[in-house]
Amino acid sequence: MAKYIFVTGGVLSSLGKGIASAAIGSLLEARGLSVTIQKLDPYINVDPGTLSPFQHGEVFVTDDGAETDLDLGHYERFTTIRTAQANNCTTGRIYYNVISKERKGDYLGDTVQVIPHITDEIKHSIKKVAGDVDVVIVEIGGTIGDIESLPFLEAIRQMRYDVGRENVLYVHLTLVPYIPTSGEIKTKPTQHSVRELRAIGIQPDVLLCRCDRPLSENIKKKIAIHTNLEEEAVIAAIDVETLYEVPLALHAEHLDDTIVKKFGYDTSAPDLNRWKDIVRKVKEPKNEVSIAIVGKYIGLKDSYKSLIEALYHGGIANDAKVSLEWTDSEEIEINGAEKMLSDVDGILVPGGFGYRGIEGKIEAIKYAREKKIPYFGICLGMQCAVIEFARNVCGLSANSSEFDLSTKEPVIYLMEKWYDFRKGKVEERNEQSQLGGTMRLGAYPCILEKGSNAFTAYKTKEISERHRHRYEFNNAYRGVLTRNGLMISGTSPDGELVEIVEVSDHPWFLGCQFHPEFKSRPTEPHPLFSGFIEASLKEKRSLFPYAPDKQKGKSDI
C-alpha cells in the first residue's frame, strides 16, 4: 500500500513548496523507493492553459497533452517520473467532475455538498495517481489561511483516517525570517502558521523552515515546543546557490532519515553522487557562454522556467556557466538587433502567442542568420525563423495568419485537419474553436534527416517531443523555401507536419515546432540544448580565441 506525504505552505506564497516536494522525491528515489508527485491547485480554472504567463508563470505540458502547473516541471527535473494529467488537479477540475456526475444522476437523491462530495472527489484524484509506487507526494497550492484551499486541506485531513495514520505524513513549509535591525531570527510566523493548520485538524509531522542562515539548536527546540513536534522534525531549509543543491541541503538536515523512520522503511543510505557532480559543474564550470533570450514576457522569469533550466542543463553537459541576456523583442524593434545583440554568443527565441514583439524577434533572427551566430528557435521561434527566411531570402511578403489573416503569403497558418499519432485519429479545428484545450498538445513522433544538426544532436532517427501550439508550417511553401536553402530536418512520420527546420549554410541554426525544454533534466540534458550551447561555445572561441573563460558583467541563471 502506498504511503502519502502532503506538503503545505504557510506565512506567504512562493516559499518553494514545489522544489521541496521535488527534492523529497529525489531523496526517496535515491534510497531506492518509487515515488510519484501530484499538485493540487486552488484556482477555479480547469487548467492553466489560458492563464497569462504574468499571472501564473509557465504552462508545463506533459506527454499526454495536459496543460499543467509549472511545478510539474520541477517534479520531472528532480526525479525519474514522467507526469500526466492526473498529476495536476485544480479546484475547477474537481468541481467540473462533481457537477458532471450530478448532471448524469450519479448523486441521485443527494444534496451535493463540499463535504462529502467535493472532498471525496479530491481524495479520489489523490488515490488515482498512487498506482504501485511506494510514496505519493502531494503538494497543496496556496497558503494556509486562504479560503480557496480549505476543501483540499479537509480532504488531506480525512486521508489519515482513510488509509491509516501510519501511512500519512504532513510536511509544512514555513518561513523563519531574520530581522537585521534587531539581529534576531523570528519564529512567531511559523508558530502562527502551524496554529492555523492545527485549527483545521492537521498536526504537521515535519516542518521545513525556510531561512537564509542555519538555525541553532535553541531555535529548533523553541519551534518544536511551540508546534508540538520532536526537535529532529524541525528541518532548516536554508537558501542555496542553485536549485540542484536543495536535495543535498535537506539530506544534510536528515530530512530523508526522518521520513523513512516515520514510515518504518528500512532503506540504505542514499546515493547522491550525481547531485554532487551537478552542483560541482554549476559552481565551478570550466567555461562560460552568453545567450540572448529574445522574448516579450521577460519581466517574469517564471514564464520561461523550463527553458531557463534546460539552458542550464545544456551548460552542465558542456561544463559551462550559461549567462543570460534578457532581451525585450519590442526594444529590438526600436533600437535594432546590432545594438541589442552584438555581444552574445548565441540567440534563442522562445515560444509565445500574439503579434506583440514579433517584428523584433524576426529582426533578431535575421541578425543571427546573417552574422552566423548560433540560433535556436522554439515553437513561435521556429515560425518566426520561417517567416524571416521567406521574407529576406525568398523575397516573399510572408507572415503568419495568426498575426495577419489577410496576408498574401501565409507561410505559417492554422492547419484545420491533421492526423494525431498519439490519439490515433484525425483532429480538426478552425478559427472559431475554443481556445482552451484546442491546440496540438503533448507528445508527437518526429523523423529526423541524417546529416542535420538535429540528427547529430539526438543520434537517432525517430524522436518524440511535446507540443503546445495552434499554427503550423504551410506545406504550400515547402518547395520555394527548401530550394533557397531552408532544410526541413524533422517531420511527422507521414511527412505532413514540419517539426524542425535548419539553414543549410549556417554553423548552427535550428528551429523546432515542439518544446524540448519540457523533457530536459540536469541528469539528462536535452540533446538540442546541449548542441546549442556547444555551438555557442565554439562561436565564442572563434571570435575571442585568446579571451579568458570567465567574462564579466553577465547575469547568470
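Before any of the text, the structure's been laid out above.
Not measured: the values here are computed from a predicted model.

Another aspect to go through is the overall build of the chain. Within the chain one finds 19 helices and 26 strands. The C-alpha radius of gyration computed for the chain amounts to 25 Å, which stays within 12% of the reference 24 Å derived for 557 residues, consistent with globular compactness. Seen through its C-alpha atoms, the chain measures out along the principal axes to roughly 75 × 65 × 45 Å. Partitioning the intrachain contacts of the chain with sequence separation of at least 6 by distance along the chain shows that 72% fall at a separation of at least 24. Accessible area of the chain: about 22800 Å², with a carbon and sulfur share of 49%.

This brings us to the sheet that holds strand β16 (residues 398-400). The sheet built from three strands is open, its strands ordered β16-β17-β22 with mixed pairing. For this open sheet the edge positions go to β16 and β22 (471-473), each flanked by a neighbour on one side alone. Strand-to-strand twist in this sheet, taken as the mean axis angle between neighbours without regard to direction, amounts to 30 degrees. Strand direction decides the pairing type here: strand β17 (residues 409-414) and β22, joined by three bridges, are antiparallel. Within β22, the position partnered with Tyr 413 by the bridge is Glu 472.

Attention now moves to helix α3 (residues 71-78). Since the α-helix turns once every 3.6 residues, residues separated by three or four places project in the same direction. For α3, the tally of buried residues reaches eight of eight residues, placing the bulk of the element in the interior. Buried within α3 we find Asp 71, Leu 72, Gly 73, His 74, Tyr 75, Glu 76, Arg 77 and Phe 78.

Per the counting criterion, the structure on display carries 36 salt bridges. Residue Glu 253 pairs with Lys 220 through a salt bridge whose shortest N-O separation is 2.7 Å. Of this pair, Glu 253 sits in the loop between α9 (246-252) and α10 (255-263) while Lys 220 sits in helix α8 (residues 217-227), placing them 33 residues apart in sequence. Each of the two residues, Glu 253 as well as Lys 220, counts as buried. Between Glu 330 and Arg 356 there is a salt bridge, and its shortest N-O distance comes to 2.8 Å.

By the definition in use, this model includes 14 aromatic pairs. Consider the rings of Phe 263 and Tyr 265, whose centres lie 6.2 Å apart with planes at 75 degrees: the pair is edge-to-face. Ring plane angle 55 degrees and centroid distance 5.5 Å describe the contact between Phe 376 and Phe 532, whose orientation is recorded as tilted. One end of the pair, Phe 376, is in strand β15 (residues 375-378); the other, Phe 532, is in helix α19 (residues 527-543), and 156 residues separate them in sequence. With relative accessibility at 0%, the residue Phe 532 sits in the buried group.

Moving on, we get to the nonpolar core. One finds Ile 5, Leu 28, Leu 208, Leu 250, Leu 255 and Ile 259 to be the most contacted residues of the largest nonpolar core, which totals 44 residues. Residues Val 294, Ala 364, Cys 384 and Leu 414 belong to the second largest nonpolar core, which totals 41 residues.

Residue Ile 115 is joined to Pro 116 through a cis peptide bond whose omega torsion reads 15 degrees. Take Pro 116: it is sitting in helix α5 (residues 114-128). Even without a glycine there, the phi angle at Asp 319 is positive, about 50 degrees. Structurally, Asp 319 is set in the loop between α12 (305-317) and β13 (320-328). Located in the positive-phi region is Cys 379, a residue other than glycine, with phi close to 55 degrees.

On to a nonpolar patch on the surface, then. Nonpolar side chains collect at one region of the surface, where Tyr 95, Ile 99, Val 114 and Ile 115 lie side by side and expose about 340 Å² of accessible area between them. Only α4 (91-104) and α5 provide two or more residues apiece to the nonpolar patch. With respect to the element layout, Ile 115 can be found in helix α5. Residue Ile 115 is classed as partly exposed on the basis of its relative accessible area of 48%.

Across the sheet, seven strands lie side by side as β5-β2-β6-β1-β7-β10-β11; this open sheet has parallel pairing. With partners counted over all chains shown, the strands left at the sheet margins are β5 (88-90) and β11 (234-238), one partner each. With strand direction ignored, the average angle separating the axes of adjacent strands in the sheet is 20 degrees. Bridge count between strand β1 (residues 3-9) and strand β6 (residues 135-140): five bridges; the pairing is parallel. Pairing of Tyr 4 across the sheet is with Val 136, part of β6. Together, β1, β7 (168-175) and β10 (206-211) form the strand contacts of helix α7 (residues 188-199), whose direction differs from that of β7 by roughly 145 degrees.

Here the focus is the pairing of β17. Note that β16 and β17 share three bridges and pair parallel. Bridging from a neighbouring strand, Ala 398 pairs with Glu 409 of β17.

This brings us to the side chain of Thr 8. You can see Thr 8 is positioned in strand β1. Engagement of the side chain of Thr 8 in a polar contact is seen with the side chain of His 172, the distance being 2.8 Å. If sequence neighbours within four positions are ignored, Thr 8 has contacts with Lys 17, Ile 140, Ile 144, Leu 153, Ile 156, Val 171, His 172, Leu 173 and Leu 197.

With that settled, consider the environment of Arg 483. Relative to the helices and strands, Arg 483 is located in helix α18 (residues 478-483). Judged by its relative accessible area of 66%, Arg 483 falls in the exposed class.

Reading guide: rules and limits
Residues numbered from 1 in each chain as written. Predicted model: local features only at pLDDT ≥ 70, side-chain atom pairs only at ≥ 80, totals over all residues. Heavy atoms only, no water. Helix = DSSP H or I, 4+ residues; strand = E, 2+ residues; numbered from the N terminus. Rg over C-alpha atoms; globule rule 2.2 N^0.38 Å. Contact = heavy atoms within 4.5 Å. Areas by Shrake-Rupley, 256 points an atom, 1.4 Å probe, with all protein chains shown as cover. Pairing = 2+ DSSP bridges. Axes fitted to C-alpha atoms, helices over the stretch in contact; angles between N-to-C directions. Buried < 20%, exposed > 50% of the residue type's maximum accessible area, 1.4 Å probe, protein only. Salt bridge = Lys/Arg side-chain N within 4 Å of Asp/Glu carboxyl O. Phe/Tyr/Trp six-rings, centres within 6.5 Å; stacked < 30°, edge-to-face > 60°. Core = buried A, V, L, I, M, F, W, Y, C linked by side-chain atoms within 4.5 Å. Patch = residues over 30% accessible without salt bridge, like charges linked within 9 Å, V, L, I, M, F, W, Y side chains within 5 Å. Polar contact = N/O pair within 3.5 Å; in protein donor to acceptor, adjacent residues only side chain to side chain.

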